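Spelled out from the first residue to the last, the chains are:
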Amino acid sequence: MRKRRLSKANPFILASVILLLGISGVSVFGLKLWETPEQRFLKGYNQEVKDCAMAKGLAEKEAKEGRLTLLVPPPYENDSSKMPYAFYKNLADEYGVTLVHINSCIGVPEDDCFNLVGRLLLEKRYGKDHMCQLYEKMHVAQYGPQKKPKDSTICP
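What you are looking at is a predicted structure, and each value in this text was computed from that prediction instead of being measured.

1. Comments concerning helix H6 (residues 130-143)
- Taking 1.5 Å per residue, 14 residues should reach 20 Å; H6 reaches 20 Å between its end C-alpha atoms and fits that length.
- For H6, the complete set of buried residues consists of Met 131, Leu 134, Met 138 and His 139. Burial along H6 is one-sided: seen end-on, the buried residues are contained in an arc of 130°. Turned more than 90 degrees away from the buried face of H6, the exposed residues are Gln 133 and Lys 137.
- Contact partners of the buried residues in H6: helix H4 (85-95) and helix H5 (109-126).
- Positive phi appears at Gly 144, one or two residues downstream of H6, with a value of about 90°.

As structure tokens, then:
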């Protein structure tokens, strides 16, 4: 019976192993490169934010770095030109707000705390009722006048 030596390994097998290791390494590194800024933000947000105070702190940090960021749910339908997504797009295009689409339609207290900082900054920049009036104007343009409940606390 003949024994094979490692030093005389089949060059095809050795090349295949090296190629496989190379492809694996590139794949793992490539996934990091293909991560969008929105995905990177959410990854950090989910790791860092554990309560409302932390969410507010992160939003304030974003604002100090010159970014006004809001967390918004993704459109439920293919047509994202309808409300409220048209409003969000307007905030991004006209007001420079960075929108981060979260994968949840359920309100999470930390997300609300994060967004509160952004809404207060928008109020400070453009006036207390400006965003409500903008939303109302866009809503009326698409659906007609909306009936407000008498005890609405969202907009005056």
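The rest of the description comes next.
2. Describing the pairing of strand S1 (residues 68-72)
- By the criterion of burial, S1 is predominantly enclosed, with five of the five residues buried.
- Residues Leu 68, Leu 70 and Val 72 point to one face of S1 and Thr 69 and Leu 71 to the other, with burial holding for every one of them.
- Bridge count between S1 and strand S2 (residues 97-101): five bridges; the pairing is parallel. For Leu 70, the partnering residue across the bridge sits in S2 and is Leu 99.

3. Examining the nonpolar core
- Formed by 16 residues in total, the largest nonpolar core has its most connected members in Leu 70, Phe 87, Leu 91, Val 97 and Met 131.
- Contributions of two or more residues to this core are made by S1, H4, S2 and H6.
- Beyond its immediate stretch of four places on either side in the chain, Leu 70 contacts Leu 91, Val 97, Thr 98, Leu 99, Val 100, Phe 114, Asn 115, Gly 118, Arg 119 and Leu 122.
- Membership of the second largest hydrophobic core comes to 13 residues, among which are Val 49, Leu 58, Val 100 and Ile 102.

The rules behind the values
Residues numbered from 1 in each chain as written. Predicted model: local features only at pLDDT ≥ 70, side-chain atom pairs only at ≥ 80, totals over all residues. Heavy atoms only, no water. Helix = DSSP H or I, 4+ residues; strand = E, 2+ residues; numbered from the N terminus. Expected span 1.5 Å × (residues − 1). Buried < 20%, exposed > 50% of the residue type's maximum accessible area, 1.4 Å probe, protein only. Arc of directions from axis to C-beta. Contact = heavy atoms within 4.5 Å. Pairing = 2+ DSSP bridges. Core = buried A, V, L, I, M, F, W, Y, C linked by side-chain atoms within 4.5 Å.

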